[in-house]
Amino acid sequence: MIEGVIFDLDGVIVDTAHYHYIAWKRLASEFGVTLTTQQNELLKGVSRMRSLEIILELGKIHLPEAEKVALAKKKNKWFVEYIEAIRPEEIFAGVPEMLANYRSQNLKIALASSSKNAPRVIELLGIAHLFDALVDGTMITHTKPDPEIFLLAAKLLNVSPDRCLVFEDAEAGVEAALAAGMKCVGVGSAEQLGKANYIVKQTADFDLAILNKI
Ligand code: B16
Ligand code: MG
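### What to know about the coordination of the magnesium ion (ligand 2)
Part 1 of the reasoning: Only D8 (OD), D10 (O) and D169 (OD) from the protein coordinate the magnesium ion (ligand 2), and they sit 2.0 to 2.1 Å from it.
Part 2 of the reasoning: In terms of primary sequence, the donors binding the magnesium ion (ligand 2) are separated according to D-x1-D-x158-D. Of the two residues, D10 sits in the loop between strand 1 (4–7) and helix 1 (16–30) while D169 sits in the loop between strand 4 (164–168) and helix 8 (171–179), which places them 159 residues apart along the sequence. The same class applies to D10 and to D169, which are both buried.

### Quick notes on the pairing of strand 1
Part 1 of the reasoning: Side-chain alternation along strand 1 places G4 and I6 on one buried face and V5 and F7 on a second face that is also buried.
Part 2 of the reasoning: Of the pairings in the sheet, the one linking strand 1 to strand 2 (residues 108–112) comprises four bridges and is parallel in character. In the sheet register, V5 faces strand 2, and the bridge partner there is I109.
Part 3 of the reasoning: Note: strand 1 against strand 4, four bridges, orientation parallel. Counterpart to G4 in the pairing with strand 4 is C164.

### Description of the packing of helix 3 (residues 48–58) against helix 4 (residues 65–83)
Part 1 of the reasoning: The interhelical angle for the contact between helix 3 and helix 4, taken along N-to-C directions, is 110°, at an axis separation of 10 Å. On the basis of the axis angle, helix 3 is roughly perpendicular to helix 4. Crossing of helix 3 against helix 4: the hand is right-handed. Where helix 3 abuts helix 4, its residues R48, M49, L52, E53 and L56 lie against E65, K68, V69, L71, A72 and N76.

### Digging into the sheet that holds strand 4
Strands in a sheet are paired, the pairing made by backbone hydrogen bonds, and the direction either parallel or antiparallel.
Part 1 of the reasoning: The strand order across the open sheet formed by six strands is 3-2-1-4-5-6, and the pairing between neighbours is parallel. The open sheet terminates on both sides in strands that have one partner only, identified here as strand 3 (133–135) and strand 6 (198–200). The sheet shows a mean angle of 20° between the axes of neighbouring strands, direction not considered.
Part 2 of the reasoning: As defined by bridge partners, strand 4 adjoins strand 5 (residues 183–187) across four bridges and the pair is classed as parallel. Bridge assignment links E168 to a residue of strand 5, and that residue is G186.

### Thoughts on the site of ligand 1
Part 1 of the reasoning: Of all residues adjacent to ligand 1, which total 19 residues, the nearest are S113, S114, S115, K116 and N117.
Part 2 of the reasoning: Between ligand 1 and D8 there is a distance of 2.8 Å, counted from an oxygen atom to a side-chain nitrogen or oxygen.
Part 3 of the reasoning: For ligand 1, whose accessible area on its own is 460 Å², the fraction buried by protein is 98%.
Part 4 of the reasoning: At the level of elements, helix 3 and helix 4 are the ones that each hand at least two residues to the shell around ligand 1.
Part 5 of the reasoning: Its residues assigned to classes, the shell around ligand 1 comprises four nonpolar, eight polar and seven charged.
Part 6 of the reasoning: There are two domains that each give the shell around ligand 1 at least three residues, and those are domain 1 (4–14 + 87–213) and domain 2 (16–83).

What counts and how
Per chain, residue numbering runs from 1 following the sequence as it is written. Following the order in which they are written, the chains are lettered starting with A and the ligands numbered starting with 1. In keeping with the model being predicted, local features are shown solely for residues with a pLDDT of at least 70 and side-chain atom pairs are shown and tallied solely at 80 or more, while totals for entire chains, interfaces and linings include all residues. With hydrogens and water set aside, each side-chain value is computed from the structure's full complement of heavy atoms. Only nitrogen, oxygen and sulfur atoms qualify as donors, provided they sit within 2.8 Å of the metal or within 3.2 Å for Na, K and Ca; with water excluded from the atoms, sites may seem incomplete. Strands here are runs of E lasting at least two residues and helices are runs of H or I lasting at least four, both read from the DSSP assignment and numbered beginning at the N terminus. Only protein chains enter the accessibility calculation, which uses a 1.4 Å probe. A residue is then buried if its area is under 20% of the maximum for its type, exposed if over 50%, and partly exposed in between. Strand pairing is assigned whenever DSSP identifies at least 2 bridges connecting the two strands. Only the stretch in contact is used when a helix axis is fitted, and all axes are lines through C-alpha atoms; the angle between N-to-C directions ranges over 0 to 180 degrees. Angles are sorted into four bins: roughly parallel if under 35 degrees, roughly antiparallel if over 145, roughly perpendicular if 65 to 115, and oblique for all others. Note on convention: the crossing is left-handed when the near helix lies turned anticlockwise from the far helix by less than a right angle, right-handed when the turn is clockwise. Residue contacts follow a heavy-atom distance rule, with two residues in contact if any of their heavy atoms lie within 4.5 Å. One heavy atom within 4 Å of a molecule or strand is enough for the residue carrying it to be called near that molecule or strand. The definition of a polar contact used here is a pair of N or O atoms within 3.5 Å, where within protein one atom must be able to donate a hydrogen and the other to accept one, and adjacent residues in sequence count solely through side-chain atom pairs. Methods summary: accessible areas were calculated by the Shrake-Rupley approach with a probe of 1.4 Å, and residue burial reflects only the protein chains presented. Under the scheme applied, nonpolar residues are Ala, Val, Leu, Ile, Met, Phe, Trp, Tyr, Cys and Pro; charged residues are Asp, Glu, Lys and Arg; polar residues are all the others, including Gly. Boundaries of every domain are those given by an automatic assignment or by a domain database.

Worth remembering: the numbers are spatial, not functional.
Rendered as structure tokens:
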């Protein structure tokens, strides 16, 4: 019996994943790495620093810690500039209605985003009121695929993890949800998110009627 539904942000509620990609691609090009969309899949759901390390590994580049910190800061500055233009119209079709509908069915709703910028994105989108709990990258120690972020969301909702369903677009996020003992709907391709219990192309495609059958 599902009682709590936990949503990732980037790629599930809004396409901030695209802004992360163009900021990382811009940074990677500065040290001669061309970041492909396929390689970008590895960056989804993981922390800013882990994302940078993955890009450096792809380019076989070794840098001292201080330089890595400076590069991550630079990428974030660009990302923050890009997201300032985000407007509520960019929320994926049907998602606000879906959240309101779930709540009217007495389901508890949480956001669980690895992004430290999630509070600003939620503010720009004007959707904070649709959630019972908000968890972002500043509140966790271990990033996805570690289950910490989803376990914290369940705790804040006061729902047992095995009664939670997670919506995720990242492979690391699907792994984190399953490691938390939760059910997971993958938003995207079966090829990428095959481990999820159920796959939809878009978040709002999920039919509430099958909620307790997966
Ligand atoms: P920031 P999510 C994640 O958000 C992104 O998918 C991932 O690509 C990004 O590196 C991470 O947030 C950290 O973001 O640099 O803004 O703190 O998918 O968990 O909502
Ligand atoms: Mg995501």
